[in-house]
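Structure at a glance
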Amino acid sequence: MTGSRWRIGALLAALVVGVGSAPVRADETETARAAIWTLEQAIYEGRSKGDISAYANTTAKGYMAWPPVLAAPMRVDGFDAAPANPQASQEKLAIKLIDFTLHGETAIIYYRTHRTRLADGTPADDRFDVTHTWIREDGAWRVLGGMARSQVLP
């Protein structure tokens, strides 16, 4: 390729690579982080009452998750909105935001949980590292995927 053709090719490649990768403004990141963290907290608040509808109502099409109790990820084409289950209403779990990243209509949130009581009331001391990937579908944030692992402390 001659010098001018190379320069034109390099310029076109730079333009193509740059499409869709405009930097996200700090206020956009903070707005998305606050909205998604509020949704995460609502999921766990409902869970503590035996109600998974806050989770069910925020799953995206094609949702998949890998809970720490399963050997492989599971596909879920959306949860059926489930009524509260009073028998599963004793779980006590605290969550702590660790980090967040945003790229366009996709966000990943990282947090830790500490469960001190199981749903049946049994005392526990379970700690998990959790990540959820969220996408904006039809203007609303929806969880597309997640993964959790038992926390390994140093």
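Keep in mind that this is a model prediction, so the values were computed, not measured.

The rules behind these values
Residues numbered from 1 in each chain as written. Predicted model: local features only at pLDDT ≥ 70, side-chain atom pairs only at ≥ 80, totals over all residues. Heavy atoms only, no water. Helix = DSSP H or I, 4+ residues; strand = E, 2+ residues; numbered from the N terminus. Expected span 1.5 Å × (residues − 1). Buried < 20%, exposed > 50% of the residue type's maximum accessible area, 1.4 Å probe, protein only. Contact = heavy atoms within 4.5 Å. Phe/Tyr/Trp six-rings, centres within 6.5 Å; stacked < 30°, edge-to-face > 60°.

What follows is about helix α2 (residues 26–47). The end-to-end C-alpha separation of α2 is 31 Å, in line with the 32 Å expected for 22 residues at 1.5 Å each. Of all the residues in α2, the buried ones are Ala32, Ile36, Trp37, Glu40, Ile43, Tyr44 and Gly46. Elements that come into contact with the buried residues of α2 comprise α3 (53–56), β3 (92–103), β4 (106–117), β5 (123–137) and β6 (140–150).

Considering the arrangement of structural elements, one finds Ser150 in strand β6. Note on Ser150: relative accessible area 45%, which makes it partly exposed. With 20 residues separating them in the primary sequence, Ser150 and Val130 have C-alpha atoms 8.9 Å apart. The residues touching Ser150, leaving out its near neighbours within four places in the chain, are Pro68, Arg127 and Phe128.

Turning next to the packing of aromatic side chains. Using the criterion set out here, one finds three aromatic pairs in the structure. For the ring pair Trp37 and Tyr111, a centre distance of 5.8 Å and an interplane angle of 65° mean the geometry is edge-to-face. Residue Trp37 is found in helix α2, and its partner Tyr111 is found in strand β4; the two are separated by 74 residues along the sequence. For Tyr111, a relative accessible area of 2% translates into the label buried. Through pairs of rings, three or more aromatic residues link up here, namely Trp37, Tyr44 and Tyr111.

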